[in-house]
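Chain and residue survey
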Amino acid sequence: MKDGGENSAPAPYDYFLSSLGTCAGIYVLSFCQERKIPTEEISLVQRLEYGKRENGKTFLEKIVLDIIVPPAFPEKYHRALIKVADECAVKKTIMHPPIIEVKTTVITG
């Protein structure tokens, strides 16, 4: 492979992206468990939408999280599921990114 490795595990960027869906899913699961709502037929699908820059390079433009619920899921909780998924700490960090400082430290003595 051009970047090294044997392609035997997800790349760090894949883990980063999957952390968003996982985080939102945990919040949705907790919401349903607190209300004794069955979760067996609930799923969360994460879709990545890409755009093209003027120079032709592709970039990640949008991440869509689709919470799929069965017909029996209480309609009064549809908006609440979206709200609780929006509380995901990973999403909040992406929406308000921290300053990331990369530096080199020389070990002495």
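These notes cover the structure that comes with them. Computed from a predicted structure; not experimentally measured.

With respect to the overall build of the protein
Secondary structure summary: the protein contains 3 helices and 2 strands in total. Mapped in sequence order, the helices and strands of the protein form the string α-β-β-α-α. The C-alpha radius of gyration of the protein comes to 19 Å, more than 25% above the 13 Å expected for a compact globule of 109 residues. Split into buried and exposed, the 109 residues of the protein put 17% on the buried side. Summed over its atoms, the accessible surface of the protein is roughly 9100 Å², and 55% of this surface lies on carbon and sulfur atoms. Where the 14 positive side-chain charges of the protein centre and where its 14 negative ones centre are 5 Å apart.

Focus on the pairing of strand 1 (residues 43–52)
Across 10 bridges, strand 1 lies against strand 2 (residues 58–68) in antiparallel orientation. Bridge assignment links Gln 46 to a residue of strand 2, and that residue is Leu 65.

A few points about the pattern of salt bridges
Using the criterion set out here, one finds 4 salt bridges in the structure. Where Glu 87 meets Lys 92, a salt bridge forms, and the shortest distance between an N and an O atom there is 2.9 Å. In this structure Glu 87 comes out as partly exposed when scored by relative accessible area, which is 37%. What makes Lys 92 partly exposed here is its relative accessible area of 40%.

Things to note about the packing of aromatic side chains
With the rule as written, the count across this model stands at 2 aromatic pairs. Judged by centre distance (5.4 Å) and plane angle (85°), the ring pair of Phe 31 and Tyr 77 falls under edge-to-face. Of this pair, Phe 31 sits in helix 1 (residues 12–34) while Tyr 77 is found in the loop between strand 2 and helix 2 (78–86), placing the two residues 46 residues apart along the sequence. Residue classification places Phe 31 among the buried residues on the basis of a relative accessible area of 8%. Note that Arg 35 overlies the ring of Phe 31, its terminal NZ or CZ placed 3.7 Å from the centroid.

Basis of the calculations
- Residues numbered from 1 in each chain as written.
- Predicted model: local features only at pLDDT ≥ 70, side-chain atom pairs only at ≥ 80, totals over all residues.
- Heavy atoms only, no water.
- Helix = DSSP H or I, 4+ residues; strand = E, 2+ residues; numbered from the N terminus.
- Rg over C-alpha atoms; globule rule 2.2 N^0.38 Å.
- Buried < 20%, exposed > 50% of the residue type's maximum accessible area, 1.4 Å probe, protein only.
- Areas by Shrake-Rupley, 256 points an atom, 1.4 Å probe, with all protein chains shown as cover.
- Lys, Arg positive; Asp, Glu negative; His and termini not counted.
- Charge placed at Lys NZ, Arg CZ, Asp CG, Glu CD.
- Pairing = 2+ DSSP bridges.
- Salt bridge = Lys/Arg side-chain N within 4 Å of Asp/Glu carboxyl O.
- Phe/Tyr/Trp six-rings, centres within 6.5 Å; stacked < 30°, edge-to-face > 60°.
- Lys NZ or Arg CZ within 6 Å of the ring centre and 35° of its normal.

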